[in-house]
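# Structural features, examined
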Amino acid sequence: MTLSVAVIGAGPSGFYTAEALLKRGLDCQIDILEGLPTPYGLIRAGVAPDHQSTKRVTRAYERTARHEQVAYFGNVEIGRDISLDELRANYDAVVLAIGAPLDRGLDIPGGDKRGVHGAAAFVGWYNGHPDFRDLVPDLNCDAVAIIGNGNVALDVARVLVKTPREMAKTDMPDYAAAAIHGAPIRDVHLLGRRGPVEAKWTNVELREMGELEDCRVVLDPDQLPDRVAGKWSARDRRLREKNLETLRGFLGQPPDGKHKRLHFAFYAKPVEVLGGDRVTGLRLERTRVEDGRVVDTGETFDLACGLVVAAIGYRAQPIAGVPYDECRGIVSNRQGRVAPGLYVVGWAKRGPSGVIGSNKPDADLIASHVAADLAPQGEGAGEGTGDGKPGRAGLQALLAERHVAWVSFADWLAIEAAEIAAAPAGAPRQKLIRIKDMLAVLGKSAGQRRTG
Ligand code: NAP
């Protein structure tokens, strides 16, 4: 009996799950469902537009999508077009590969003022995610504060200070490029509540900050320790030593007439967003680090800024009827198992950590669960425990009944061809942002549905 598997979410963890199922040689049909017409999740809308080489990983996903056992159903949103219960009734296994698209809240007084944005929204805006097209952040300010010392914070800082020439060969949408490059931003402050040793950046990403055309790094040498103290694995210690060395290297750089400044500030914990209706500054508390933990000192200072971006981590979108761990912002699970026939993988399973490839072992684990729980076992095994559910045919019947304008993989390739054809010279594509414009390429109408 052919197992039917629905994977919800067409980001890296969804595609790696499909790939892992195929590699096991299971007799299965895999349908990847995605709320947007476009596949690839964070690769398209999260990875920074100036990191095009990272985005090449989609070639492997494309091979998976073209496999005869796999089908793509874009523009199909769970809860709007079809319920999770309906999917579970139609498929032997449902895998939630829904990522962690929501921002962790900046839970301090003033955190809801105009001019405070979470990184998920801000990155989505400059990366052309339809849900954030209308965010329109007000960049009319001299100084920006970015909270967090992870790679997302570095991405946001870099995109804000790079010159039009540095961004020319990217797929950043015109509206974001115009807003960023037309803004008077001179100073970008990267704020860590702990020290440089505890920062979570990877070294390649940190080094990039020293290679910017019109922006120099500013940091206080007194905040750089001589050595990496504390308990670390050999690998982590090496990474942190490298980061310290890179930061020390920034100290020796001449200003070279550069107009913008990127300030690394450590031991600074945000305690209040200042201003009236909109942001005028950030109040920070000086901290120290003991045994890796933040210790407050009670001493505060203010930083003037007109925009705050909180790059402090993400959380998964809760789904009605699915257990959710509020504290970790993930789907509650036991090693990826949620309920019989229901699994979770990637960031929704383990939280927003690791690089793109970190989703592979997770996907292998889920494929092994599906095989163990549902597939026929061993030689001469019978039907397996799959219930012979309708799978793809059931989904297609429901979508047809509801007049859902779903997008196949061939349709996506047509959208992509239109984006590539419209690209300015040297740029990889000009992204279509509005869902209605994507569907128009296919001669489809969004009708009464989400128009993006
Ligand atoms: P992250 O690496 O976990 O960094 C989050 C940062 O926010 C940490 O510095 C954390 O400080 C800080 N933070 C959390 N809550 C805070 C609060 N209430 N106040 C002040 N600071 C707070 O997360 P991320 O940057 O969102 O990245 C997510 C994942 O994507 C990471 O695995 C990252 O490496 C990956 N990523 C990779 C790339 C790349 O490879 N180029 C690019 C982007 C993202 P503490 O450490 O003190 O908690």
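The structure this text deals with has already been given above.
First, a word on scope: everything that follows refers to the structure included in this document. (Residues numbered from 1 in each chain as written. Predicted model: local features only at pLDDT ≥ 70, side-chain atom pairs only at ≥ 80, totals over all residues. Heavy atoms only, no water.)

Right, let's talk about the overall build of the protein chain for a bit. Helices and strands together make up the secondary structure of the protein chain, namely 16 helices and 19 strands. In terms of C-alpha radius of gyration, the protein chain reaches 23 Å, essentially the compact-globule figure of 22 Å for 452 residues. Overall, the protein chain is about 70 × 50 × 40 Å in size when its C-alpha atoms are taken along their principal axes. A buried classification covers 52% of the 452 residues belonging to the protein chain. For the protein chain, the share of sequence-separated contacts (at least 6 apart) that also reach a separation of at least 24 residues comes to 73%. (Helix = DSSP H or I, 4+ residues; strand = E, 2+ residues; numbered from the N terminus. Rg over C-alpha atoms; globule rule 2.2 N^0.38 Å. Buried < 20%, exposed > 50% of the residue type's maximum accessible area, 1.4 Å probe, protein only. Contact = heavy atoms within 4.5 Å.)

With that settled, consider the environment of Glu 326. Topologically, Glu 326 is positioned in the loop between strand 16 (324-325) and strand 17 (330-331). Note on Glu 326: relative accessible area 60%, which makes it exposed. Sequence-wise, Glu 326 and Arg 315 are eleven residues apart; in three dimensions their C-alpha atoms are separated by 8.9 Å.

Along the chain, Glu 245 turns up in helix 11 (residues 234-251). Separated by eleven residues in sequence, Glu 245 and Asp 256 place their C-alpha atoms 21 Å apart.

As a further point, take the site of the ligand. With respect to spatial proximity, 18 residues lie near the ligand, and among them Asn 149, Asn 151, Arg 193, Arg 194 and Gly 354 are the closest. Separating an oxygen atom of the ligand from a backbone N or O atom of Asn 149 is a distance of 2.9 Å. Separating a nitrogen atom of the ligand from a side-chain N or O atom of Glu 205 is a distance of 3.0 Å. For the ligand, whose unbound accessible area comes to 920 Å², protein coverage reaches 79%. Here the shell around the ligand gets three residues from one element, more than from any other, and that element is helix 7 (residues 151-161). (Near = heavy atom within 4 Å. Polar contact = N/O pair within 3.5 Å; in protein donor to acceptor, adjacent residues only side chain to side chain. Areas by Shrake-Rupley, 256 points an atom, 1.4 Å probe, with all protein chains shown as cover.)

Moving on: the sheet that holds strand 12 (residues 279-290). Strand order in the open sheet made by the three strands is 11-12-13, with antiparallel pairing throughout. In the strand order of this sheet, the two ends are held by strand 11 (268-275) and strand 13 (293-304), each with one partner. Here the strands of the sheet are splayed against their neighbours by 20° on average, with no regard to which way each runs. As paired elements, strand 12 and strand 13 share nine bridges and run antiparallel to each other. (Pairing = 2+ DSSP bridges. Axes fitted to C-alpha atoms, helices over the stretch in contact; angles between N-to-C directions.)

Before going further, it helps to examine the sheet that holds strand 6 (residues 116-118). The strand order across the open sheet built from six strands is 6-14-7-8-10-9, with neighbouring strands paired in parallel fashion. Among the strands making up the open sheet, the edge pair consists of strand 6 and strand 9 (215-219). Averaged over all pairs of adjacent strands, the angle between their axes in this sheet comes to 20°, without regard to strand direction. Sheet strands touched by helix 11: strand 9 and strand 10 (260-265). Its angle to strand 9, the strand with the most contacts, is close to 110°.

The phi dihedral of Asp 256 is positive, around 55°, even though this residue is not glycine. Among the structural elements, Asp 256 can be located in the loop between helix 11 and strand 10. Since its relative accessible area comes to 58%, Asp 256 is described here as exposed.

Another point: the pairing of strand 10. Consecutive residues of a regular strand have side chains that alternate between opposite faces of the sheet. Alignment of strand 8 (residues 187-191) against strand 10, held across five bridges, turns out to be parallel. Each residue of the ladder has a partner; that of Asp 187, found in strand 10, is Arg 261. Relative to strand 10, strand 9 runs parallel, the two being bridged by five bridges. In the strand pairing of strand 10, Val 218 is matched with His 263.

Where helix 1 (residues 12-23) contacts helix 4 (residues 58-66), the axes come no closer than 10 Å and their chain directions differ by 55°. Overall, the two elements helix 1 and helix 4 adopt an arrangement that is oblique. Here the hand of the crossing between helix 1 and helix 4 comes out left-handed. Residue-level contacts link Pro 12, Phe 15, Tyr 16, Ala 18, Glu 19 and Leu 22 of helix 1 to Tyr 61, Thr 64 and Ala 65 of helix 4. Along the lines of polarity and charge, the residues of the contact of helix 1 with helix 4 split into seven nonpolar, one polar and one charged. (Parallel < 35°, antiparallel > 145°, perpendicular 65-115°, else oblique. Left-handed = near helix turned anticlockwise from the far one by under 90°. Nonpolar A, V, L, I, M, F, W, Y, C, P; charged D, E, K, R; others polar.)

Before going further, it helps to examine the nonpolar core. Grouped together as the largest cluster of nonpolar side chains are 52 residues, with contacts concentrated most on Phe 122, Tyr 126, Ile 146, Leu 247, Leu 262 and Phe 264. Element by element, the count of residues in this core is highest for helix 7, at seven residues. Contacts of Phe 264, omitting those with residues within four sequence positions, involve Leu 154, Leu 190, Trp 201, Leu 206, Met 209, Val 217, Val 218, Leu 219, Gln 223, Leu 247 and Phe 250. With 44 residues, the next largest nonpolar core counts Leu 22, Tyr 40, Tyr 72 and Met 438 among its residues. (Core = buried A, V, L, I, M, F, W, Y, C linked by side-chain atoms within 4.5 Å.)

This part covers the pattern of salt bridges. All told, the structure shown has 29 salt bridges when counted by the stated rule. Ionic pairing is found between Arg 350 and Asp 362, a salt bridge with its closest N-O pair at 3.1 Å. Of the two residues, Arg 350 is situated in helix 12 (residues 347-350) and Asp 362 in helix 13 (residues 359-374); the sequence distance between them amounts to twelve residues. Under the relative-accessibility criterion, Asp 362 is labelled buried at 7%. For Glu 416, the salt bridge goes to Arg 429, with nearest N and O atoms at 2.9 Å. A residue pair is termed long-range when its members are at least 10 positions apart, and Glu 416 in helix 15 (residues 409-421) and Arg 429 in the loop between helix 15 and helix 16 (435-441) qualify at 13 residues. By the burial criterion, Glu 416 is buried, and Arg 429 matches it. Via salt bridges that share partners, Arg 44, Asp 171, Glu 416, Glu 419 and Arg 429 belong to a single interconnected network. (Salt bridge = Lys/Arg side-chain N within 4 Å of Asp/Glu carboxyl O.)

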